[in-house]
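A structural walkthrough
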Amino acid sequence: MAFSWHLADDDRVLVTTYAGVVTAADLRHSQEERAELIRTTPSLRYLLNDYGGADRLDIPMDAVIGNAEGASTKLAEIATELRLAFVVPAGLAHGLARVWTAHVETSGWQVRIFRGRDEAEAWLRDESGSPLTFR
């Protein structure tokens, strides 16, 4: 599996990290696991999705769009106050993240893409108004 996750800051933060070759199946599985956590963890408000360790994203565009549409229709109903930060250093992966964010615009979530993790963490801290922890 090309991803792992952990909860931080009294279950207010979900950090998902990706490594190696990330496939459409990995994207689908990570969304399913995150969706369950969002449903069962009412304090969860901040998501950090870190693709910095991914060697390659082997995900077709239709899978990215399907993932975004599924997230925005199913999860937005139960979690309207999410803040999502994506760490995507460069290249095609950055473009795929931009496509994803465009397809969740109607969710009401605040979503930003960053090239570095420090920037992403700083933005989430600013949005929270408190010193969130990510470890």
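Here is a short report on the structure shown in this document. (Residues numbered from 1 in each chain as written. Predicted model: local features only at pLDDT ≥ 70, side-chain atom pairs only at ≥ 80, totals over all residues. Heavy atoms only, no water.)

It is worth spelling out the overall build of the protein at this point. On a plain count of helices and strands, the protein comes out with 4 helices and 5 strands. Starting at the N terminus and ending at the C terminus, the protein contains elements arranged as β-β-α-β-α-β-α-β-α. C-alpha atoms of the protein, sized along the principal axes, occupy 35 × 30 × 25 Å. Looking at the protein as a whole, 46% of its 135 residues qualify as buried. Considering only contacts within the protein whose residues lie at least 6 apart along the sequence, 74% involve residues at least 24 apart. Accessible surface, the protein: about 6700 Å² in total, of which carbon and sulfur atoms supply 50%. Here the protein contributes 14 positive and 20 negative side-chain charges, whose respective centroids are spaced 2 Å apart. (Helix = DSSP H or I, 4+ residues; strand = E, 2+ residues; numbered from the N terminus. Buried < 20%, exposed > 50% of the residue type's maximum accessible area, 1.4 Å probe, protein only. Contact = heavy atoms within 4.5 Å. Areas by Shrake-Rupley, 256 points an atom, 1.4 Å probe, with all protein chains shown as cover. Lys, Arg positive; Asp, Glu negative; His and termini not counted. Charge placed at Lys NZ, Arg CZ, Asp CG, Glu CD.)

Along the chain, the position of Val-87 falls in strand β4 (residues 83-87). Residue Val-87 is classed as buried on the basis of its relative accessible area, which comes to 2%. Through-space distance from the C-alpha of Val-87 to that of Arg-115 is 5.5 Å; in sequence the pair is 28 residues apart.

What follows deals with the sheet that holds β4. Two modes of strand pairing occur in sheets, parallel and antiparallel, and in both the strands are linked by backbone hydrogen bonds. In spatial order, the strands read β1-β2-β3-β4-β5; together these 5 strands make up an open sheet with mixed pairing. Bordering the open sheet on either side are β1 (3-8) and β5 (110-114), each of which pairs with just one other strand. On average, each strand axis in the sheet is tilted by 15° relative to the strand beside it, whichever way the strands run. Relative to β5, β4 runs parallel, the two being bridged by 5 bridges. Bridge assignment links Phe-86 to a residue of β5, and that residue is Ile-113. Against the sheet, helix α3 (residues 91-103) engages β3 (46-58), β4 and β5, with an angle of about 170° to β5. (Pairing = 2+ DSSP bridges. Axes fitted to C-alpha atoms, helices over the stretch in contact; angles between N-to-C directions.)

Helix length check: helix α4 (residues 117-128) (12 residues) gives 17 Å between terminal C-alpha atoms against 16 Å at 1.5 Å per residue, within 8%. Burial in α4 covers these residues: Ala-120, Glu-121, Trp-123, Leu-124 and Ser-128. Taken around the axis of α4, the buried residues stretch over an arc of 160°, which confines them to a single face. Turned more than 90 degrees off the buried face of α4, the exposed positions are Asp-118 and Asp-126. (Expected span 1.5 Å × (residues − 1). Arc of directions from axis to C-beta.)

By themselves, these observations are geometric and do not establish any function.
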